[in-house]
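A closer look at the structure
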Amino acid sequence: MFLKTSFTTLIVGVFVVYVLHTCWVMFGIVYTKPCDSPKSINCITPFLAGDPQLQLSIYTALRPDAEGGHTLIHKEETFDVNNKFERIVNVSIPKKTRNNGTLYALIFVHQAGITPWQDPRQVHMVAQLTTYMVPKPAEISLITGEDQTQGEKEDVQRKKRDGNAAAGGGAGTASTADPPVSHWRTRLTLNIVGDHFLFDKEHLPSDVHRYLRVFQNGKKMVYLPLLFVDELSNRVKDLVEINSTSKELPLTISYDSISLGRLRFWIHMQDAVFSLQQFGFTEKDADEIKGIFVDTNLYFLALTFLVAAFHLLFDFLAFKNDISFWKQKKSMVGMSSKAVLWRCFSTIVVFLYLFDEQTSLLVLIPAGVGSIIEVWKVKKALKIQVSWKGGKPTFLFGKLDESERRTEEYDTLAMKYLSYLLYPMCIGGAVYALIFLRYKSWYSWLINSLVNGVYAFGFLFMLPQLFVNYKLKSVAHLPWKAFTYKAFNTFIDDVFAFIITMPTSHRLACFRDDVVFLIYLYQRWLYPVDKTRINEYGVSYDEKPEGKTHKD
């Protein structure tokens, strides 16, 4: 017991140190030491302090260095750094871009009245207006075979005849081997630091350094406006597939001033997302992380980080106690084996469904790990022993004692009552979906039908355990430590259900678990601890082995 407590205390201690270190790092990001004396030669003064007359000009080009020509798409002749605006412009798409090519935006802030190439003190940034993604497979009616509108099908057939899969592979073909096609980013978000901040040359932040352009004005050093392109605002939901008919596409240009602290924070987050993509995260996976930053304000974002840290801690403690409980489990007295089997089946179905829906890895990886753990629990619950002979596995099932058989009877009786309600509803839902809804394939329909049954009626399969508790008038056989940690995580999941993008049915399932746990809490209050009954280790207080002590 001492070793377990010490290990848990160590983990909590590491967690506290991690949170404090993270808070210190975050403070170092948003806080920049200013120059103490404005007249010091180490001070770098802002160019905007002189209230210059500026102009914002945006061009498009096929190459980031503008070789091969450029086209002006928008300009703000009287550009005020502190005035927020949003403009929608129609951008002509070159033929090379329509043929699965790229297009770049060149953003200039320069002196008003002249072109940016004539201004030696202009600042500019380059943003990619296109990105490559695999088009979403078509969804068809499995009964009639209808898939897209007639116009979409004709467009697909034309693209196939042209042999230009890159220009059109998209909406029509259901092949998972479709090549990535060019998509249009409909938003371009720009920021300029509006603070007249005095930088100290000796304490210049490394993250800002790459955005800083400095020139000598007499004895003073002056830095030009800090222009920033917000890549985090580019969401997958805003992408539009480019095809041969896309001669003009709309572009929403948004501008707002930004504080230096927020700029530094945004630079770090943008770099983090880019690093994840370098490690193999897809555009969709990175998009889920972008949504956490873009769709929430900074205060709520800070709360999200804190809550996520606690979620990680409770996940680890729940995993540790759950594994420990099942590792020591010798008897299934009071435990519903049907509920264990159902949890295993449902977690595997949910994992396959999330995989089929191409859900974020943030959701998919924990679901996969949970499926493996549930399979191991089934092996323990059914007392399965696996032996290998000649490369072939042999499965041996253990025998139940009298107390376990009594539990099994209650478990079977509960499942009998549930089957009268559950099976007709699941079959009816699957038939309805087959007739009225569209799917990518028969496999997709099967997985969606199963997962809808899991989400809609899955909580009913938790009822056999509640029924067994009611019949035995005891909850001492349940892993309450793991339950407690999982309960905390369930309430945290309720928060994340509105932050991380996931299927609606998966989101509603988070709230279903809250209700079930409240019923477990009521049973724990209703049935007080009876030391003559079997506890979670398969023994009772009144039947402890001689020479051994046990602490519940």
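Here the structure is a predicted model, which is why all the values come from computation and not from measurement.

About the criteria used
- Residues numbered from 1 in each chain as written.
- Predicted model: local features only at pLDDT ≥ 70, side-chain atom pairs only at ≥ 80, totals over all residues.
- Heavy atoms only, no water.
- Helix = DSSP H or I, 4+ residues; strand = E, 2+ residues; numbered from the N terminus.
- Contact = heavy atoms within 4.5 Å.
- Areas by Shrake-Rupley, 256 points an atom, 1.4 Å probe, with all protein chains shown as cover.
- Expected span 1.5 Å × (residues − 1).
- Bend = angle between axes of the 7 residues up to and from the residue.
- Buried < 20%, exposed > 50% of the residue type's maximum accessible area, 1.4 Å probe, protein only.
- Patch = residues over 30% accessible without salt bridge, like charges linked within 9 Å, V, L, I, M, F, W, Y side chains within 5 Å.
- Salt bridge = Lys/Arg side-chain N within 4 Å of Asp/Glu carboxyl O.
- Core = buried A, V, L, I, M, F, W, Y, C linked by side-chain atoms within 4.5 Å.
- pLDDT = per-residue confidence, 0-100.
- UniProt positions renumbered as here; feature names shortened; annotations may be inferred.
- Pairing = 2+ DSSP bridges.
- Axes fitted to C-alpha atoms, helices over the stretch in contact; angles between N-to-C directions.
- Disulfide = S-S within 2.5 Å.
- Phe/Tyr/Trp six-rings, centres within 6.5 Å; stacked < 30°, edge-to-face > 60°.

Considerations on the overall build of the chain
Looking only at helices and strands, one finds 15 helices and 17 strands in the chain. Counting only contacts in the chain whose residues sit at least 6 apart along the sequence, the fraction spanning at least 24 positions is 77%. Per element, the accessible surface of the chain, about 30300 Å² overall, is 61% carbon and sulfur.

Considering helix 11 (residues 402-436)
A rise of 1.5 Å per residue sets the reference length of helix 11, with its 35 residues, at 51 Å; its end C-alpha atoms lie 50 Å apart and thus fit the reference within 8%. Where helix 11 bends most, at S419, the angle is about 45°. Here helix 11 has its buried residues at E404, T407, Y410, D411, A414, M415, L418, S419, L422, A430, A433 and L434.

Considerations on a nonpolar patch on the surface
There is a patch of nonpolar side chains on the surface, built from Y423, I427, V431, Y432, I435, F436 and L437 and spanning about 750 Å² of accessible area. Here V431 shows up in helix 11.

Side note on the side chain of S57
Considering the arrangement of structural elements, one finds S57 in strand 2 (residues 54-61). What makes S57 buried here is its relative accessible area of 1%. Leave out the neighbours within four places in its chain, and S57 touches L72, H74, K75, L106, I107, F108 and H110.

Some points on the environment of K440
As for its position among the elements, K440 is in the loop between helix 11 and helix 12 (442-457). Owing to a relative accessible area of 21%, K440 belongs among the partly exposed residues under this scheme. Separated by 84 residues in the primary sequence, K440 and D356 place their C-alpha atoms 9.8 Å from one another.

So, the nonpolar core
I58, F79, I107, W184, L188, L190 and L251 are the most contacted members of the largest nonpolar core, which has 32 residues in total. For this core, the secondary-structure elements that each account for two or more residues are strand 2, strand 3 (71-79), strand 4 (85-92), strand 5 (104-111), strand 6 (123-128), strand 9 (187-193), strand 13 (227-229) and strand 15 (248-258). With four residues, strand 15 is the single largest residue contributor to this core. Ignoring anything within four residues of it in the chain, the contact list for I107 reads L56, S57, I58, V123, H124, M125, A127, L188, L190, L227 and V229. Membership of the second largest hydrophobic core comes to 26 residues, among which are I29, F265, W266 and M269.

Considering the environment of F108
Take F108: it is sitting in strand 5. Separated by 51 residues in sequence, F108 and S57 have C-alpha atoms that sit 5.2 Å apart.

Observations regarding unusual backbone geometry
If you check the backbone angles, A66 has positive phi at about 65° while not being a glycine. Tracing the backbone through its elements, the reader meets A66 in the loop between strand 2 and strand 3. Note on A66: relative accessible area 14%, which makes it buried. The phi angle at N100 is positive, at roughly 65°, despite the residue not being glycine. Relative accessible area serves as the criterion here: at 17%, N100 is assigned to the buried category.

Focus: the confidence of the model for the chain
Residues of the chain with pLDDT of at least 70 account for 74%, and the chain-wide mean is 76. Counted against residues more than four places away or in other chains, residues 148-176, with its pLDDT under 50, gives 43 contacts.

Re the UniProt feature "transmembrane region" (unreviewed entry) in the chain
Summarizing the sequence annotation, UniProt attributes the feature "transmembrane region" (unreviewed entry) to residues 7-31, 298-319, 340-355, 417-436 and 442-463 in the numbering used throughout. Secondary structure over residues 340-355 splits into 100% helix and 0% strand, and the C-alpha atoms at its two ends are 23 Å apart. Taken as a whole, residues 417-436 contains 100% helix and 0% strand, while its terminal C-alpha atoms sit 30 Å from one another.

Examining helix 7 (residues 283-294)
In an α-helix, one full turn covers 3.6 residues, which means residues spaced three or four apart are oriented alike. Here helix 7 spans 15 Å end to end across twelve residues, near enough to the 16 Å set by a 1.5 Å rise per residue. Burial runs high along helix 7: ten of the twelve residues are buried. Those residues of helix 7 not exposed but buried are E283, D285, A286, D287, E288, I289, K290, G291, I292 and F293.

Some details on the sheet that holds strand 8 (residues 181-185)
The strand order 7-8-14 describes an open sheet built from three strands, whose pairing is antiparallel. Strands at the two margins of the open sheet, each flanked by one partner only, are strand 7 (130-133) and strand 14 (239-241). Adjacent strand axes in the sheet meet at a mean angle of 45° when their direction is disregarded.

Comments concerning the state of the cysteines
Here is the idea: a disulfide is a covalent bond, and it sits between the sulfur atoms of two cysteines. Summed over all chains, the structure comprises one disulfide. Across a sulfur-sulfur distance of 1.7 Å, C35 and C43 are joined as a disulfide pair. Taking the sign of the S-S torsion, -75° for the link of C35 and C43, the bridge is left-handed. The residues C35 and C43 share a single accessibility class, namely buried.

Some thoughts on the side chain of T131
With respect to the helices and strands, the residue T131 is situated in strand 7. Every residue in contact with T131, bar those within four places of it in the chain, is listed here: V181, S182, H183, R185, L239 and E283.

Points about the pattern of salt bridges
Inspection of the entire model under this criterion finds ten salt bridges. The salt bridge involving E86 is made with R187; its shortest N-O contact spans 3.5 Å. Pair noted here: E86 is in strand 4 and R187 is in strand 9, with a separation of 101 residues, a long-range link. With a relative accessible area of 27%, R187 lands in the partly exposed category.

Structural notes on the packing of aromatic side chains
This structure, assessed with the given rule, holds 14 aromatic pairs. Aromatic pair F265 and W266: ring centres 5.7 Å apart, planes at 40°, arrangement tilted. In this pair, the class of F265 matches that of W266, namely buried. Taken together, the aromatic side chains of W24, F27 and Y31 make up a single cluster linked through ring pairs.

Details of the sheet that holds strand 13
Backbone-to-backbone hydrogen bonds pair the strands of a sheet. The strands run either parallel or antiparallel. Strand order in this open sheet of four strands is 4-15-9-13, and the pairing throughout is mixed. The sheet is open, and its two edges are formed by strand 4 and strand 13, each paired on a single side. Looking at each pair of strands side by side, their axes are set apart by 25° on average, direction ignored. Summarising the sheet, strand 4 and strand 15 pair through eight bridges and their orientation is antiparallel. In the strand pairing of strand 15, F85 is matched with Y255. With respect to the sheet, helix 6 (residues 260-278) is in contact with strand 9, strand 13 and strand 15, its orientation differing from that of strand 13 by roughly 40°.

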